[in-house]
Amino acid sequence: MKILAVDDSATDRYLIQNILSDYQLVMAADGLDGLQKLFEDDEIRLIILDLNMPVMDGFQMLKSMKSNPRYKDMRVIILSSFDEIENELAGLKLGAVDYIRKPIHPETLRVRIDIHVQLLEIQKTLEERVYNQGLTFDIMFEQSPIGVAISDSNQMEKEIALPVFDIMNPMFEQIIGRVVKEARQVDWKKITHPDDRQEEQENFRLLSAGQTERYSMEKRYFRPDGSIVWVFMVVASLNVLGESGRRYVCLAQDITKRKEAENALAESERSKSVLLSHLPGLAYRCDFVPDWTMRFVSQGCLKLTGYPVESLLNNRDVTYNEIIAPEYREPVWNECVRCAQEHISFKFEYEILTASGKRKWVLEVGEAIFNDQDEAYAFEGIVIDISERKVVENKLKYNYEHDINTGLYNRAALEALLENDWHESHQEKRAVISINLNTVQSLSVVYGHHYTLDLIKQVAEILKPFSSDNYLLFSTYVDRFAFYVRGYRDKQELLRFCEKIAEDLKAFLISERLGGGIGIIEINDDKRWNTERLLKNLLITSENAVRLQEFAIRFYDDQVEKQIEREKEIERTLNRIINKDLHAEFSLDFQPILDLETGQVCGFESLARMNSLNLGRVAPLDFIPISEKTKLIVPLGYKIFEMAFRFLKIIEAQGYTELRIGVNVSIIQFREKGFIKGLFKLVEEMEINPQMITIEITESFFESDFNAMNKILMALMEAGFKISIDDFGTGYSTLSREQDLNVNYLKIDKSFVDKLMTSPPEKVIIAEIISMAHKQRHHVVAEGVEYETQRELLKKFGCDMIQGYLVSKPLSEMDALAFLKKIEFDKNSSQKSC
């Protein structure tokens, strides 16, 4: 017996041939070819027929066969798609006995063909039994691996809605879970699943009416235990000679496991479909070749690329490699090959070109598929649209690497560039140039922070034309810029470059009465260098230039190196002082303050002194800025308060209970979280009266946030502390906003006092300062008083207090006590003489 397969699809014919390889198959490409093959071969008993074909379709072939008595008993199984239900019914009416839907499921095709072949064998056996009395039907009936059931003609006349069987072989009994006796007593409608009744009733109606010879379907039976069994069944008329009634034979095969697998697969496909439909991109399977020949692409392809799925499949209109932006094609492929060689997943971000020419950022994740020889032959993965994420990332990256005010690359970008360059060998010369404009900050208090930012922005516009591929410009701080230079010839080139910058900046900043300095470091191969050290030394070099003259240009050299080493030693000394409490290296001097009205000493200003073991005596102007830069000023400040409070306790114990002690406080201390709380705690622990403490600050306190600083000062005043502004008049802040300050004392800078010796009294500004301060109920202290003439004029102008060498130089604790005793002795002696 042979089987004829008629299908115009070479792929489907190849699939059928593989599935039914143990059967004798005859293949035809269309209906006309099928009829020819059928006419030539009398051994063909079963036909697998596709309905949709060119030249002659399946319907035309069925009609031709129906008109020929030779083929009236030929079994035909039609092939149809899921959306061709009407075609299936039309095919059955034309004589087909079964249908199989495409795409062809291998197990489904095999099961159905096996059943129809078995049915043909039974039919052949019956015919031989009736006509030849040869083979026995009973043996085949009892031992058949397929369920066989036969209906009783009398019962069928009573119940025509569904086929009812009263003769069953053991396999059929096993399938429905009932023996013959039980089966005869059941209601076959009730043991048939409700969802299958209508289809079977229609099929059986056609069969019983003689409109078809047989039908097949998949249906469900309820077993006695309530479980469900899926069966594939073929029901046909059974005409037995000598009987007037009609019988029907049913062949059934248990397909429960296959249906469960199909349902699981369908659920998996459904889940995959849901996932792919919501995927912000596409899923794919492609050949492992450079043009990424696509064999499967999900529907998300259109939204992501602008191309329909069909355009990419088998490279019909465009290859996926052409969709990848040109600059990424080679890197993406190389990374894909590398991951395949290492048997790891592939992950890469790149840009694609959509059908409209728009660029999109995508993330591709996938892995290679290997054959039995461990060779990569395919690739599977997903491509996700990450354009929105890239916009956010690029914005964050831009903000991280750029100065918001000027739009230039910032210090972080410069550090990253330098760090990268440390690890690469360079033949070209490299240097870093720093333009230091720290004097700009003095404008913030007078004109506001935004004015300063706008000024810096204008400076940036002046510097931008100097920037090039070899001279990269950075904004490294609010008042500093830097050029990273590569490939210059010699120092003279750097010097000429800096001179031109200085010239342009001086021309612009002259109206603001501002200057600056330029520092240069040439980078060598010294292994001791690193980014942090380089930028720190560059800052020191530029600050040296600022102190030299207006826009001086300073190269980093041995002299600067010595200064840096000296600053490092000062820093080490500060650490020893803080951590080991070394009084030998750190102490306080106390300079007396004289009340001009009473002529008596009313307090002291405490002054920090360093006497380094390695450097000797170090001036406050040297170690205080370093302590502020390293933030060591915070723990050092508490130590100074503690030493000043201890001195206050000593003089109070000697009976001097009306003397105040002034302590200088850095802006760094004020900004440190918890400073005020720590100060109050120290006052409480040492049992100090805050009213005897004067906190001295500088005008720089008000350069950043005037209102915030002023609130802190008010809190201190409310706690009992006195507040004094040191070096009053040297900046802009206090002269312009003196009436708003929460302070008790103004200490006029020595530069104003010195002018009393060289200028006519009516031309000096000190009298106006004193008058202005008194109008705001502030007391005035004059600093640096060295001559009696200065004292007399200050008293004439109404100054409240003075300090300076005319009264006394700064004194150690012991000398300060001696000074107080001498004053007391002189006072007593004077009273006795009177």
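Each remark here, short or long, concerns the structure printed above.
Per-chain numbering applies: the sequence of each chain, read as written, is numbered from 1 onward. Per-residue local features are limited, in this predicted model, to residues with pLDDT of at least 70; the limit for side-chain atom pairs, both in listing and counting, is 80 or more; totals at the level of whole chains, interfaces and linings are taken over all residues. As a rule here, side-chain values cover all heavy atoms of the structure and leave hydrogens and water aside.

A. Representation of empty space enclosed by the protein. Only protein atoms enter the 1 Å grid used here. Points where a 1.4 Å probe fits but cannot escape make up a cavity, open sets with protein on both sides within 12 Å along at least five of seven lines make up a pocket, and a residue lines them when an atom lies within 4 Å of a point. Grid points are joined across faces, edges and corners, and a volume is the space filled by probe spheres set on the points. The tally for this structure, following the rule as stated, stands at one cavity of 30 Å³ or more. Taken as a whole, the largest cavity holds about 150 Å³ of empty space. Taken together, 14 residues line the largest cavity, and the ones lying closest to its centre are Ile593, Arg660, Thr694, Tyr745 and Met801. Just so you know the grouping, Ala, Val, Leu, Ile, Met, Phe, Trp, Tyr, Cys and Pro go in nonpolar, Asp, Glu, Lys and Arg go in charged, and all remaining residues, Gly too, go in polar. Partitioning the lining of the largest cavity into residue classes produces seven nonpolar, four polar and three charged.

B. Region of the structure containing the nonpolar core. In plain words, nonpolar cores are sets of buried Ala, Val, Leu, Ile, Met, Phe, Trp, Tyr and Cys residues tied together by side-chain atoms within 4.5 Å. Three labels apply to residues, based on accessible area from a 1.4 Å probe with only protein chains included: buried if under 20% of the type maximum, exposed if over 50%, partly exposed otherwise in between. Of all hydrophobic cores here, the largest spans 80 residues; its most connected members are Ile695, Ile766 and Leu794. A contact between two residues is defined here by any heavy atoms of the two lying within 4.5 Å. Setting aside its immediate chain neighbours within four residues, Leu794 contacts Leu596, Leu756, Ile766, Ile770, Ala782, Val785, Cys799 and Ile802. Core analysis: the second largest hydrophobic core is formed by 34 residues, Leu279, Tyr328, Cys336 and Ile386 among them.

C. Layout of the packing of aromatic side chains. Pairing of aromatic rings covers Phe, Tyr and the six-membered ring of Trp, with a centre-to-centre limit of 6.5 Å; geometry is then stacked below 30 degrees between planes, edge-to-face above 60, and tilted otherwise. Here the structure, examined in full by the defined rule, presents 25 aromatic pairs. Taken together, a centroid distance of 6.0 Å and an interplanar angle of 65° make the contact between Phe165 and Phe172 edge-to-face. Judged on exposure class, the residue Phe165 and its partner Phe172 are both buried. Ring centres 5.4 Å apart and planes at 40° place the aromatic pair Phe670 and Phe675 in the tilted group. For the residue pair Phe670 and Phe675, the accessibility class agrees, reading buried in each case. One aromatic cluster is present, formed by Phe288, Trp292, Tyr320, Trp333, Phe346, Phe348, Tyr350 and Phe379 through successive ring pairs. Two conditions define a charge located above a ring, namely a distance within 6 Å from the ring centre to NZ of Lys or CZ of Arg, and an angle within 35 degrees of the ring normal. One residue, Lys259, lies across the ring of Trp230, its end atom 4.4 Å from the ring centre. Sitting above the plane of the Phe555 ring, Lys491 keeps its charged end 5.0 Å from the centroid.

D. Region of interest: the pairing of strand 6 (residues 147-150). Numbering of helices and strands starts at the N terminus; helices are DSSP runs of H or I of at least 4 residues and strands are runs of E of at least 2. Residues of strand 6 alternate between two faces, with Gly147 and Ala149 on one and Val148 and Ile150 on the opposite face, all of them buried. Here four bridges tie strand 6 to strand 10 (residues 247-254), and the two strands are oriented antiparallel to one another. What sits directly across from Ala149, in strand 10, is Cys250. Strands pair, by our definition, only if DSSP identifies at least two bridges between them. Of the strand pairs in this sheet, strand 6 and strand 7 (residues 167-168) are connected by two bridges, and their pairing is antiparallel. Within strand 7, the residue paired with Ile150 across the bridge is Ile167.

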